[in-house]
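What the coordinates show
Take a look at the letters that make up each chain.
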Amino acid sequence: MMNIRTRVSAWLTRRFLANVRKGGFDLSKAGLLPESTLMPLRRTGMDPVPELGAMREKSPIAKLSVPLSMNVWLVTGYDEARTVLGRTNGFSNDFSNLVGNAGVTENHNPGGLGFSDPPVHSRLRRLLTPEFTMRRLSRLTPRIHDLVEERLDEMEALGKDGDPVDLVQAFAMPIPSLVICELLGVPYEDREEFQRLGTTRFDLFAGADASLGAISESLSYLRDIVKKQRENPGDGLLGMLVKEHGDDIDDEELAGLADGVLTGGLETTASMLALGTLVFLQNEEHLVALRDEDAAVDPFVEELLRYLTVVQVAFPRFAREDMEIAGEQISAGDVVLCSLSGADRDSSLGSHMDTFDPTRPAASSHLAFGHGIHRCIGAELARMELRAAYPALLRRFPGLRLAVPAEELSFRKYSAVFGMDSLPVYLR
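Described below are features of the structure shown in this document. Keep in mind that this is a model prediction, so the values were computed, not measured. Per chain, residue numbering runs from 1 following the sequence as it is written. With the structure being a predicted model, the display of local features is reserved for residues of pLDDT at least 70 and the display and counting of side-chain atom pairs for 80 or more, all residues being used for whole-chain, interface and lining totals. The basis for every side-chain value is the complete set of non-hydrogen atoms in the structure, without hydrogens or water.

**Things to note about the pattern of salt bridges**
- Within this document, salt bridges are pairs made up of a side-chain nitrogen of Lys or Arg and a carboxyl oxygen of Asp or Glu, the two lying within 4 Å of each other. Taken as a whole and judged by the stated rule, the model has 27 salt bridges.
- Note that arginine 360 is salt-bridged to glutamate 303, the shortest N-O span being 3.2 Å. Here glutamate 303 lies in helix H17 (residues 297–308) and arginine 360 lies in the loop between helix H18 (340–343) and helix H19 (379–396), a separation of 57 residues in the sequence. You'll find arginine 360 and glutamate 303 in the same group, each marked buried.
- The partner of aspartate 354 in a salt bridge is arginine 345, with the nearest N and O atoms 2.9 Å apart. In this description a helix means any DSSP run of H or I spanning at least four residues, a strand means any run of E spanning at least two, and both kinds are numbered starting from the N terminus. Categorising residues by exposure relies on relative accessible area from a 1.4 Å probe, with only protein chains included: less than 20% of the type maximum marks a residue as buried, more than 50% marks it as exposed, and the intermediate range marks it as partly exposed.

Pasting the structure below:
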């Protein structure tokens, strides 16, 4: 039988792929979709493809050509994206809007916050929010620093003979996976196996159909975890929810919240750690500043979040009523997708938004975590991990450098969560 941590990671990948399919895209047929549909998920290196910027300059909201029986709009402008993401009364996130499309049934509903509307969303978020305050999260600070140092020790051992080390496998993926287990209060005996499985790819062409077949196993696993927490609640997030709100939340809702924490907190932070390191390795000035100046950490992290915006498209919004946005007529029932990566490069935010500039005064206004009531509840936890990991890595290995030419690095293609599969580096 798979232990808890192994099952967490295997479940995480399958659930993410399932969620993408629920958005109306049959992943097995992704290559047949029009290029204009897949374009928001493409990048040139670390930058959104030029076509996305050109679309934004022409019109901040445009209709996509998709093989679905509904109108789908793509929002690329920053102000327009904030309008859509913040307009709770005009748009719905409820999962029921997807039922009947692309073979989706109510049984596929993952629960949690992402696919729910008020008052259900309000009640669940109200229960969860206290666990993500800085006061509660501060208990994780020492453990996060310990985990970072443990991974650095492991990297040092791997590279002691001068061999290249894969930063994704040895550093970027293990840190958030272990932090999530610590947060949830899930045991993690076989950490090496869990970390290995945690690298499963999120690319839309990476064997999605096989992963989609295990949804029922995944939900069964989560229910089992919740059951154990009901019987013997621990000090992690699930245990705290059971102890403080056990009568106000059922097992399915708890499983859905765990779904959101796992899906939203692993691959996104892992991608930020790997891609952010690559940004520094390609700019010596930024690397030295982050390594040597404590005050540089916060602005560097915020600008990296904006510049990379690894979650490329927000959860779909469904128009509740006819409306006009940026001169376009949106009809009730239309689907509206917000390109977060496109919006965060909008020139309305400042000049040269396609460049990384940690001195940018308004970097924290980015949409990397979304906006409105569905803004990522784990944003502060992600920031804690990034602030701890980047400087520690560069200070431990001041000679850190790429082990292969930059042009040989491979980035994910058509990925809802942008990232890279491997980042070979020399430690000295």
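**Considering the packing of aromatic side chains**
- Two aromatic rings, drawn from Phe, Tyr or Trp (for Trp, its six-membered ring), form a pair once their centres lie within 6.5 Å of each other, and the interplanar angle then sorts them: stacked below 30 degrees, edge-to-face above 60, tilted otherwise. According to the stated counting rule, one finds 7 aromatic pairs in the structure shown.
- Aromatic pair phenylalanine 300 and phenylalanine 356: ring centres 6.1 Å apart, planes at 75 degrees, arrangement edge-to-face. Linking phenylalanine 300 in helix H17 with phenylalanine 356 in the loop between H18 and H19, this pair joins segments that are 56 residues apart in sequence.
- The buried category is assigned to phenylalanine 300, whose relative accessible area is 6%.
- Its relative accessible area of 12% is what places phenylalanine 356 among the buried residues.
- Put simply, the rings of Phe280, Phe300, Tyr307, Phe356 and Tyr390 pair up and form one aromatic cluster.
- Note on criteria: charge over ring means Lys NZ or Arg CZ within 6 Å of the ring centre, with the direction from the centre no more than 35 degrees off the ring normal. Directly above the ring of phenylalanine 418 sits arginine 43, whose terminal nitrogen or CZ lies 4.3 Å from the centroid.

**Thoughts on the sheet that holds strand S11 (residues 401–402)**
- If you walk across this open sheet you meet the 3 strands as S6-S12-S11, and the pairing is antiparallel. Strands with a single pairing partner mark the edges of an open sheet, and in this sheet they are strand S6 (165–166) and S11.
- Bridge analysis of S11 against strand S12 (residues 424–426) gives 2 bridges, and the strand direction is antiparallel. Bridging from a neighbouring strand, arginine 401 pairs with tyrosine 426 of S12. When DSSP locates at least two bridges between a pair of strands, those strands are taken to pair.

**Observations regarding the environment of aspartate 161**
- Following the sequence through the fold, aspartate 161 ends up in the loop between helix H7 (141–158) and S6.
- Side-chain atoms alone can form a polar contact between residues adjacent in sequence; in general such a contact is a pair of N or O atoms within 3.5 Å, and within protein one must be able to donate a hydrogen while the other accepts it. For aspartate 161, the side chain forms a polar contact with the side chain of lysine 160, separated by 3.4 Å.

**Some words on unusual backbone geometry**
- Residue proline 119 is reached from proline 118 by a cis peptide bond, and omega for that bond is 5 degrees.
- With a phi close to 35 degrees, threonine 309 is a non-glycine residue in the positive phi region.
- By the secondary structure assignment, threonine 309 is in the loop between H17 and strand S7 (317–319).
- Using a relative accessible area of 1% as the deciding quantity, one classes threonine 309 as buried.

**A closer look at the sheet that holds strand S4 (residues 72–75)**
- Strand order in the open sheet formed by 5 strands is S3-S4-S10-S7-S5, and the pairing between neighbours is mixed. Each edge of the open sheet carries a strand with a single partner, namely strand S3 (61–64) and strand S5 (91–92).
- Sheet topology note: the S5/S7 ladder contains 2 bridges and is antiparallel. Bridged to phenylalanine 91 within S7 is alanine 319.
- Contacts between residues were defined by any pair of non-hydrogen atoms, one from each residue, lying within 4.5 Å. Lines fitted to the C-alpha atoms define the axes, with helices restricted to the stretch that makes contact. Angles between their N-to-C directions range from 0 to 180 degrees. Sheet strands touched by helix H4 (residues 78–86): S4, S5, S7 and strand S10 (335–338). Its angle to S10, the strand with the most contacts, is close to 125 degrees.

**Some details on helix H14 (residues 251–265)**
- Each helix should span, by expectation, one fewer than its residue count multiplied by 1.5 Å. In a regular helix each residue adds 1.5 Å, so 15 residues correspond to 21 Å; H14 covers 21 Å between its end C-alpha atoms and thus fits that length.
- The buried fraction of H14 amounts to 11 of the 15 residues, a majority that puts the element mostly inside the structure.
- Looking only at H14, the buried set comprises Glu253, Leu254, Ala255, Gly256, Leu257, Ala258, Asp259, Val261, Leu262, Thr263 and Gly265.
- Its side-chain oxygen at 3.2 Å from the backbone nitrogen of glutamate 252, aspartate 250 defines the N-terminal cap of H14.

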